[in-house]
Amino acid sequence: TIRGQKPEFLQINLQQKMANGGVLTDNKDPRVIFMKMLTVQCLYYILLAGIVTVGDILLGVIPTMDQLFRPSVMLFSTKSGVVAVFSPVVCAVFGAFIMQQVVGLPKRVWDFSVTRFFVHFLACCFYSSFPLGLVWWLTQLLCVLTETVIGEYLCIQKQLKSLEKIERVIHHV
């Protein structure tokens, strides 16, 4: 991209939004969907790594990649295990804001959240092994549900604000 210019997949959304009176509609272009999924996944890992690092520093533990990708580390009996359990939950709350900004549509949040989880599941399998611990599965389920519910709510609120602005303009004309 040219310096100061938005990436192509964001420009498509802005053009689409302008054409529909300020309301974002569903874009089914596979390139756009792939780029959004890649964006969500990358931001998830950046955010998760940051939260794990802050949690470890606060508890006096050395951060490791195992806390991100090794399900067997998720234990309540160790400080690093507690950080590994609670970090994804905190990340899911912030992830809802990412869903609002990147995905934008309430009906797409579930798809993106489950896809993000599935990619993380595959990463955990490749990094260590198939997750057998109940704590890992319950944590991931809680994360997907939290991210989806809050993300959908935020997307709906954003769409309602756009509609209110359009309504104000129509009534003033």
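Scroll up to find the structure.
The residue count restarts for each chain, going from 1 along the sequence in the order it is written. With pLDDT at 70 or above as the cut-off, local features in this predicted model cover only qualifying residues; side-chain atom pairs require 80 or more to be listed or tallied, and sums for whole chains, interfaces and linings still use all residues. Each side-chain value is derived from all of the structure's non-hydrogen atoms; neither hydrogens nor water enter the calculation.

Visitor: I tried to follow helix α4 (residues 79-102) on my own but got confused; where do I start?
Guide: Every α-helix carries 3.6 residues per turn, so stepping three or four residues along brings you back to the same face. For α4, built from 24 residues, the straight-helix expectation of 34 Å at 1.5 Å per residue is met to within 8% by its first-to-last C-alpha distance of 33 Å. Two axes enter the definition of the bend at a residue: one is fitted to the seven residues ending there, the other to the seven starting there, and the bend is the angle between them. Numbering of helices and strands starts at the N terminus; helices are DSSP runs of H or I of at least 4 residues and strands are runs of E of at least 2. V93 marks the point of greatest bend in α4, at about 30 degrees. The first or second residue beyond α4 is G104, which carries a positive phi of 80 degrees. The length a helix should cover is 1.5 Å for every residue beyond the first.

Visitor: I'm lost on a nonpolar patch on the surface in this one. Help?
Guide: Surface patches are defined over residues having more than 30% relative accessible area and no salt bridge, joining like charges when they lie within 9 Å and nonpolar side chains (Val, Leu, Ile, Met, Phe, Trp, Tyr) when within 5 Å. Per-residue accessibility takes into account occlusion by the displayed protein chains alone, with areas from the Shrake-Rupley method and a 1.4 Å probe. Throughout this description, the term salt bridge denotes a Lys or Arg side-chain nitrogen within 4 Å of a carboxyl oxygen of Asp or Glu. A cluster of nonpolar residues, W110, V114, L134, L138, L141 and L145, forms a patch on the protein surface that exposes about 580 Å² of accessible area. At the level of secondary structure, the elements contributing two or more residues to the nonpolar patch comprise α5 (106-127) and α6 (134-172). When residues in the nonpolar patch are grouped by element, the largest group, four residues, is from α6. Mapped onto the elements, W110 comes out in helix α5.

Visitor: Whenever I open this one, the packing of helix α2 (residues 30-59) against α4 confuses me. Can you help?
Guide: A pair of packed helices can be characterised by two numbers: the angle between their axes and the separation between those axes. To get an axis, fit a line to the C-alpha atoms, keeping to the stretch in contact for a helix; angles then go from 0 to 180 degrees between the N-to-C directions. Where α2 meets α4, the axes come as close as 8 Å, and the angle between the chain directions of the two elements is 145 degrees. Pair α2 / α4 crosses with right-handed handedness. Here α2 contributes K36, T39, V40, L43, Y44, L47, L48, I51, V52, G55, D56 and L59 to the contact with α4, which in turn contributes K79, S80, V83, S87, P88, V90, C91, F94, G95, I98, M99 and V102. Any residue that is not Ala, Val, Leu, Ile, Met, Phe, Trp, Tyr, Cys, Pro, Asp, Glu, Lys or Arg is counted as polar, Gly included; the first ten are nonpolar and the last four charged. Residue composition of the contact of α2 with α4, grouped by class: 16 nonpolar, five polar and three charged. What makes a crossing left-handed is the near helix being turned counterclockwise from the far one by less than a right angle; a clockwise turn instead makes it right-handed. In this description, contact between two residues means that some pair of their heavy atoms is separated by no more than 4.5 Å.

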